[in-house]
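As a plain string of letters, each chain reads:
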Protein chains: 2
Amino acid sequence: MHPRFTSPALLLDPKICQRNLKKMADKAHRLSVKLIPHFKTHQSKLIGQWVKSLNIDEITVSSIKMAEYFSHDGWQNIHIAFPFNPLEIPKLNHLAQEQSLSVQLVNVEVTEKLVLELKHKVGFFIEIDAGYGRTGVNKNDLDKIDGILTAANKTSLLKFKGFYIHAGHSYYENDIDQIYIDTREALAQLKLRYIGEYPQLITRTGDTPGCSLMEDFGDINEIGPGNFVFYDLTQANIGACKKEDIAIALCVPIVDVQKDKKTILVHGGGVHLSKDFLLAPDGSKSFGEVVILHENSWEIPQQRSFVKSISQEHGVISASDELLDLVKIGDVIGILPVHSCMTADCMKKYYLFSGEEIDHLEGQ
Amino acid sequence: MHPRFTSPALLLDPKICQRNLKKMADKAHRLSVKLIPHFKTHQSKLIGQWVKSLNIDEITVSSIKMAEYFSHDGWQNIHIAFPFNPLEIPKLNHLAQEQSLSVQLVNVEVTEKLVLELKHKVGFFIEIDAGYGRTGVNKNDLDKIDGILTAANKTSLLKFKGFYIHAGHSYYENDIDQIYIDTREALAQLKLRYIGEYPQLITRTGDTPGCSLMEDFGDINEIGPGNFVFYDLTQANIGACKKEDIAIALCVPIVDVQKDKKTILVHGGGVHLSKDFLLAPDGSKSFGEVVILHENSWEIPQQRSFVKSISQEHGVISASDELLDLVKIGDVIGILPVHSCMTADCMKKYYLFSGEEIDHLEGQ
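Reading guide: rules and limits
- Residues numbered from 1 in each chain as written.
- Chains lettered and ligands numbered in written order.
- Predicted model: local features only at pLDDT ≥ 70, side-chain atom pairs only at ≥ 80, totals over all residues.
- Heavy atoms only, no water.
- Helix = DSSP H or I, 4+ residues; strand = E, 2+ residues; numbered from the N terminus.
- Rg over C-alpha atoms; globule rule 2.2 N^0.38 Å.
- Buried < 20%, exposed > 50% of the residue type's maximum accessible area, 1.4 Å probe, protein only.
- Contact = heavy atoms within 4.5 Å.
- Areas by Shrake-Rupley, 256 points an atom, 1.4 Å probe, with all protein chains shown as cover.
- Lys, Arg positive; Asp, Glu negative; His and termini not counted.
- Charge placed at Lys NZ, Arg CZ, Asp CG, Glu CD.
- Core = buried A, V, L, I, M, F, W, Y, C linked by side-chain atoms within 4.5 Å.
- Least-squares fit on C-alpha atoms with pLDDT ≥ 70 in both.
- Pairing = 2+ DSSP bridges.
- Axes fitted to C-alpha atoms, helices over the stretch in contact; angles between N-to-C directions.
- Polar contact = N/O pair within 3.5 Å; in protein donor to acceptor, adjacent residues only side chain to side chain.
- Buried area = accessible area lost by both parts, 1.4 Å probe.
- Salt bridge = Lys/Arg side-chain N within 4 Å of Asp/Glu carboxyl O.

**Some points on the overall build of chain A**
A count of helical and extended segments in chain A gives twelve helices and 20 strands. For 364 residues, the compact-globule formula gives about 21 Å, and the C-alpha radius of gyration of chain A, at 22 Å, lands near that figure. Overall, the C-alpha framework of chain A stretches about 70 × 40 × 35 Å when taken along its three principal axes. By residue count, 64% of the 364 residues in chain A fall in the buried class. Considering only contacts within chain A whose residues lie at least 6 apart along the sequence, 65% involve residues at least 24 apart. With an accessible surface of roughly 13,800 Å², chain A has 49% of that area assigned to carbon and sulfur atoms. Here chain A contributes 38 positive and 47 negative side-chain charges, whose respective centroids are spaced 2 Å apart.

Now the structure itself:
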């Protein structure tokens, strides 16, 4: 089956992808929040055009390199949602000549450096620590927030846009409702405190589990999820999507079958899928789940088969009886990824069922 | 420090790399085994030239794509050490016109397909399962071995070279001595059984921990380690190298410092380092360890600082007091990788201290 892909290749189902995009755009519209999707997951200009066709006019990225890739594509603004790296001010100055940009600030030091070196107008969000300590200013650290705002006010080139929270702990903590109570409250309090001085102030949040599952964003103005464009097994595991919503599958050729051990060896390993895994309750790892490839779609089999171990190029599949009956050496099967952002970044381009290639920043 | 690298960049110390290469070549010479290094770790033509300068004339790779990359570089033979993917026979036929190649076989099905479709001479090894079940024929499954040999004998284009074991469980099982007793015995028995019929038969083994630590290869003819060219924290943890032997470090800019939490936020995450990690006895993860960058070298600090968590682009460092005193926002520090093969594959090129670029297959 599918001899079109003779080596590991990342297949994209545009129907599923476009359905995911439409669903999130509809939800944002229904709940009166502006959707400013994060492009770090797909990193593709073509998929960007699909996004644009839904009347979305601003996007989020995670590096200046990614902002460069999506500039000249007619976006009203590109937000770089990563604590700004002061060594990249020259790149920022270059890009900001021709593309409206905003950055993310978490400390006074970088703000002061921007004040000294910035040559063009740039917006900024202050990132607030969502509570899991990865990055951002503590919501109660008003001294630091005031320090950043005071420093930024020394130039007319830095325009304060508002506060940004990425509630990334929604990926591994169970109580997303509580996380969103905290997120809404933190952003509402900050808005209340600063909106007098900054009447245009907006608030934004962004994780895919929250944006998929929550129906109440309080007075949050914008959402910036990224992963929802493809979803993956991690999101399905959280309940943010169904497996049927996963829009990419890694095509892998079967190079050996050991029926006695119920294992299938495929060419598809850590350099293709990444090393992200899900832990089952029994302690076993899954690096992906098998789907059966058809001419213009894939199918989730009744019995689950999964990648139980990987090394650089090898994947060993724990295969169901159904799968062992169905496939043979030389067939190509699909693997739904555990973490689609990482798998897409590893593979550096996508293929449609027709064999047509779709761009990814890393493949340029 | 090191403002040359303003964004994540993979730095290679050629002195350490060349020392690692020389040491392994000297050991192979001393123990009268032929070193046929695996190029999957560095995937670089320039490093290939450093290898060649040590009078090494054959190499190992893990995919036909990698074999294509290293063809035309004057290698006497390139061995593709991965159970051969029968869908790639057309590519093999194409490449075998101009480059001496060998492949790895683990079943009769693929052998028969090669017999039917092969157009040029190609050598083959039979891969023997080292005992941890990733891939290969069970050493006692003489029916399968005989089946492969009988099938291969139907064409004069397939030339049996011998038996190959990759004792990859040396990475996570403690008793490497025992693993090597098993490896030597398995290969010696197979040699004894088949050398009458195949007088040129050779045996090969390949893992870096074993090749670094063992002094007795018995009557094994060839070794094919790969990772030793750079080593990494996994190898240092096993005892296969010292941290001073690690030849690559990811340069990462510091974007935030939280002295109260003793954490440093860097631009450097899963898309740069990969998601491989080491577990400390206390259950904490390490995705890499900090080194201090100098003009033409790096330095391992007295007090250990390590990457305690990563996401796609973020790395959070658990920082020692020494490090917190030494660095500030806007500095660039180095991260020794947990798994150098994966980090190099993520980064797709190397830089020397001078800023000069060195090729990697994935960057082409």
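**Details of the nonpolar core**
If you look at the biggest cluster of nonpolar residues, it comprises 236 residues, and the most contacted ones within it are L12 of chain A together with L12 of chain B. The residues touching L12 of chain A, leaving out its near neighbours within four places in the chain, are C17, I47, W50, F230, A247, I248, Y350, Y351, L352, F353 and I358 of chain A.

**Here we look at the relation of the copies chain B and chain A**
You can overlay chain B on chain A at an RMSD of 0.0 Å; the transform is a turn of 180° with a shift of 0.0 Å along its axis. Classification of the inter-copy transformation places it as that of a two-fold axis. The C-alpha atom lying nearest the rotation axis in chain B is that of K275 of chain B; the distance is 2.7 Å. Mapped onto chain A, 100% of the interface residues of chain B again fall at the interface, so both copies present the same surface.

**Notes on the sheet that holds strand β9 (residues 222-223) of chain B**
Residue and element names in this part refer to chain B. Spatial strand order, β2-β9-β8-β7-β6-β5-β4-β3: eight strands in an open sheet with parallel pairing. Strands at the two margins of the open sheet, each flanked by one partner only, are β2 (34-35) and β3 (58-61). Alignment of strand β6 (residues 122-128) against strand β7 (residues 158-165), held across seven bridges, turns out to be parallel. When the bridges of β7 are listed, V122 appears paired with L158.

**Re the sheet that holds strand β3 (residues 58-61) of chain A**
All names here are of chain A. Taken in spatial order, the eight strands of this open sheet run β2-β9-β8-β7-β6-β5-β4-β3, and their pairing is parallel. Where the open sheet ends on each side, the last strands, each with one partner, are β2 (34-35) and β3. The pairing of strand β4 (residues 77-83) with strand β5 (residues 101-105) spans three bridges and is parallel. Directly across from P83, in β5, lies its bridge partner Q104. Along the sheet face, helix α5 (residues 108-117) touches β5 and β7 (158-165) and points at about 145° away from the line of β5.

**Some points on the side chain of K27 of chain A**
Residues and elements named next belong to chain A. Its location among the elements puts K27 in helix α1 (residues 14-30). Engagement of the side chain of K27 in a polar contact is seen with the backbone oxygen of C211, the distance being 2.9 Å. Looking at K27, its side chain comes within polar contact range of the main-chain oxygen of S212, at 2.9 Å. Every residue in contact with K27, bar those within four places of it in the chain, is listed here: C211, S212, L213, M214, E215 and F217.

**Notes on the interface of chain B and chain A**
Of the residues lining the interface, 53 residues belong to chain B; the matching set on chain A comes to 53 residues. The junction of chain B with chain A conceals about 4,300 Å² of combined surface from both sides, 55% of it contributed by carbon and sulfur atoms. It is F82, L87 and Q312 of chain B that lose the most area in chain B upon contact with chain A, and together they represent 15% of the buried surface on that side. At the junction of chain B and chain A, the tally comes to six salt bridges. Where K261 of chain B meets D129 of chain A, a salt bridge forms, and the shortest distance between an N and an O atom there is 3.4 Å. Our count for the chain B to chain A interface comes out at 22 residue pairs in polar contact (both at pLDDT 80 or more). Secondary-structure elements contributing two or more residues to the side of chain B that touches chain A are β4 (77-83), α5 (108-117), β10 (248-258), β11 (263-267), α10 (270-273), β17 (314-318) and α12 (340-347) of chain B. Of the residues forming the side of chain B that touches chain A, the biggest block, five residues, is contributed by β10 of chain B.

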